[in-house]
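A structural walkthrough
Listed here are the chains, written in short residue letters.
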Amino acid sequence: MRPLLEIENLRVTFPTTRGDTDVVRGVSFTLGRERLGIVGESGSGKSMTGRSILKLVRAPGRVYADKLAFDGIDLSTRSEKQMRALRGARISMVMQDPKFSLNPVMTIGEQIAEALLTHKSLPRREVNDRVHAMLESVRIAEPERVARLYPHEVSGGMGQRVMIAMMLIPEPDLLIADEPTSALDVSVQAQVLDIIDELVRRKGMGLIFISHDLNLVSSYCDRILVMNTGEVVEECRAGELMNATHPYTRGLIASIPRLDETRDELPVLDRSAWAKA
Ligand SMILES: Nc1ncnc2c1ncn2[C@@H]1O[C@H](COP(=O)(O)OP(=O)(O)OP(=O)(O)O)[C@@H](O)[C@H]1O
Ligand SMILES: [Mg+2]
């Protein structure tokens with residue numbers, strides 16, 4: 001079976017006063033119907049790699065690749081109009097900051113409905129039912145009430161769940177999730193990951209999961225890419241991450257806080273000076 005995604009020698013370049021800087025430098029990988037984690041420190045090019053796949057790198061940024069193919073479709077030759085037909089319907093991306101991805105002048109319910117209706121037509125009643133069911137499945141209580149709110153009326157964590165609902169409702173073939181659960185409580189995070197997982201298993205969806213959290217990625221994904229300064233420095237099965245050999249990966253692993261380790265105690269304020277006064 002051909003891979004869902006084939007990327008060869010991907011480069012993303014931004015012009016600067018000192019000439020062009022490559023922020024993604026020759027990234028290659030393929031993705032099947034599996035969960036691929038991308039980890040690496042801030043600025044390593046994770047989001048730019050994700051955005052390149054949807055051709056959402058804004059000018060003056062430029063994207064080059066020897067191959068950028070989704071399900072056999074050469075994305076590099078696709079027009080913006082053709083890309084719009086793919087986005088949402090077949091490839092979805094949960095952006096790192098939902099505040100910039102939700103439309104401020106549309107209610108949450110309307111936006112999720114639009115995500116569903118862009119690619120198929122359904123009776124209004126069924127649309128509403130599906131929107132409410134989707135909100136419920138991302139653990140939003142009172143979905144009918146929340147559907148009538150505008151994005152600024154919900155918290156950051158709820159905004160993130162709304163984004164996830166919007167991206168999952170059309171049941172894409174490929175989901176790119178950029179730090180999708182970073183604003184969520186651990187229990188809600190686990191539930192949201194379960195929903196994504198269910199689509200991976202039931203529909204054979206491919207997932208690119210971008211995260212800073214090595215523990216989360218190594219327990220949740222099948223395979224992992226480690227990025228550093230725009231390059232993939234290590235690629236391994238998730239279960240093997242903790243045995244990784246590249247010094248950069250070893251450094252990332254060493255910086256994971258551990259519960260069984262004691263660090264220098266934090267200084268405690270001496271309150272006696274003002275407590276008696
Ligand atoms: N518009 C821009 N102009 C110039 N450089 C940019 C621009 N946007 C991003 N960059 C640079 O591209 C590099 C990669 O950014 P990217 O957002 O992919 O990092 P990231 O790995 O997702 O980081 P984080 O974990 O903080 O989200 C960064 O060094 C960033 O400074
Ligand atoms: Mg990022």
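Residues numbered from 1 in each chain as written. Chains lettered and ligands numbered in written order. Predicted model: local features only at pLDDT ≥ 70, side-chain atom pairs only at ≥ 80, totals over all residues. Heavy atoms only, no water.

This part takes up the overall build of the protein. When helices and strands are counted, the protein shows 10 helices and 11 strands. A globule of 277 residues ought to have a C-alpha radius of gyration of about 19 Å, and the protein, at 21 Å, matches this closely. Per-residue burial over the protein gives 48% buried out of 277 residues. Put simply, of all contacts in the protein between residues at least 6 apart along the chain, 66% involve residues at least 24 apart. As displayed, the protein offers around 14800 Å² of accessible surface, 51% of which is attributable to carbon and sulfur atoms. (Helix = DSSP H or I, 4+ residues; strand = E, 2+ residues; numbered from the N terminus. Rg over C-alpha atoms; globule rule 2.2 N^0.38 Å. Buried < 20%, exposed > 50% of the residue type's maximum accessible area, 1.4 Å probe, protein only. Contact = heavy atoms within 4.5 Å. Areas by Shrake-Rupley, 256 points an atom, 1.4 Å probe, with all protein chains shown as cover.)

Moving on, we get to helix α9 (residues 247–254). Residues of α9 that are buried: Tyr 248, Thr 249, Leu 252 and Ile 253. For α9, the arc enclosing every buried residue in end-on projection is 140 degrees, short of the 170-degree limit, so these residues lie on one face. For α9, the exposed residues lying more than 90 degrees away from the buried face are Pro 247 and Ala 254. Buried residues along α9 sit in contact with α8 (214–220), β10 (223–228) and β11 (231–237). (Arc of directions from axis to C-beta.)

Metal coordination angles have textbook ideals: 109.5 degrees for a tetrahedral set of four donors and 90 or 180 degrees for an octahedral set of six. The magnesium ion (ligand 2) binds to the protein through Ser 47 (OG) and Gln 96 (OE1); the donor distances cover 2.0 to 2.4 Å. Of the two residues, Ser 47 sits in helix α1 (residues 46–53) while Gln 96 sits in the loop between β7 (91–94) and α3 (108–117), which places them 49 residues apart along the sequence. Exposure remark for Gln 96: the relative accessible area of 39% places this residue in the partly exposed category. (Donors = N, O, S within 2.8 Å, 3.2 Å for Na, K, Ca; no water.)

Around ligand 1, the neighbouring residues are Phe 14, Val 23, Glu 41, Ser 42, Gly 43, Ser 44, Gly 45, Lys 46, Ser 47, Met 48, Gln 96 and His 212. At a separation of 2.8 Å, an oxygen atom of ligand 1 approaches a polar backbone atom of Gly 43. The side chain of Lys 46 places a nitrogen or oxygen atom 2.7 Å from an oxygen atom of ligand 1. Summarising the interface, the protein chains cover 63% of the accessible area of ligand 1, which totals 640 Å² for the free molecule. Here the shell around ligand 1 gets three residues from one element, more than from any other, and that element is α1. (Near = heavy atom within 4 Å. Polar contact = N/O pair within 3.5 Å; in protein donor to acceptor, adjacent residues only side chain to side chain.)

Once that is clear, we can look at the packing of α3 against helix α4 (residues 124–137). Viewed as axis vectors pointing N to C, α3 and α4 meet at an angle of 110 degrees, and their least axial separation amounts to 10 Å. Taken together, the axes of α3 and α4 lie roughly perpendicular to each other. Crossing handedness for the pair α3 and α4: right-handed. Packed against α3, whose contacting residues are Ile 108, Gly 109, Ile 112, Ala 113, Leu 116 and Leu 117, the element α4 presents Arg 124, Val 127, Arg 130, Val 131 and Leu 135 at the interface. (Axes fitted to C-alpha atoms, helices over the stretch in contact; angles between N-to-C directions. Parallel < 35°, antiparallel > 145°, perpendicular 65-115°, else oblique. Left-handed = near helix turned anticlockwise from the far one by under 90°.)

The next subject is the pattern of salt bridges. Counted by the stated rule, this structure contains 18 salt bridges. When the shortest N-O distance is used, the salt bridge between Asp 71 and Arg 2 registers 3.4 Å. On the criterion of sequence distance, the pair formed by Asp 71 in the loop between β5 (67–70) and β6 (73–74) and Arg 2 in the segment before β1 (5–16) is long-range, its members being 69 residues apart. Taking the shortest distance from any N to any O, the salt bridge between Arg 202 and Glu 171 comes out at 3.0 Å. (Salt bridge = Lys/Arg side-chain N within 4 Å of Asp/Glu carboxyl O.)

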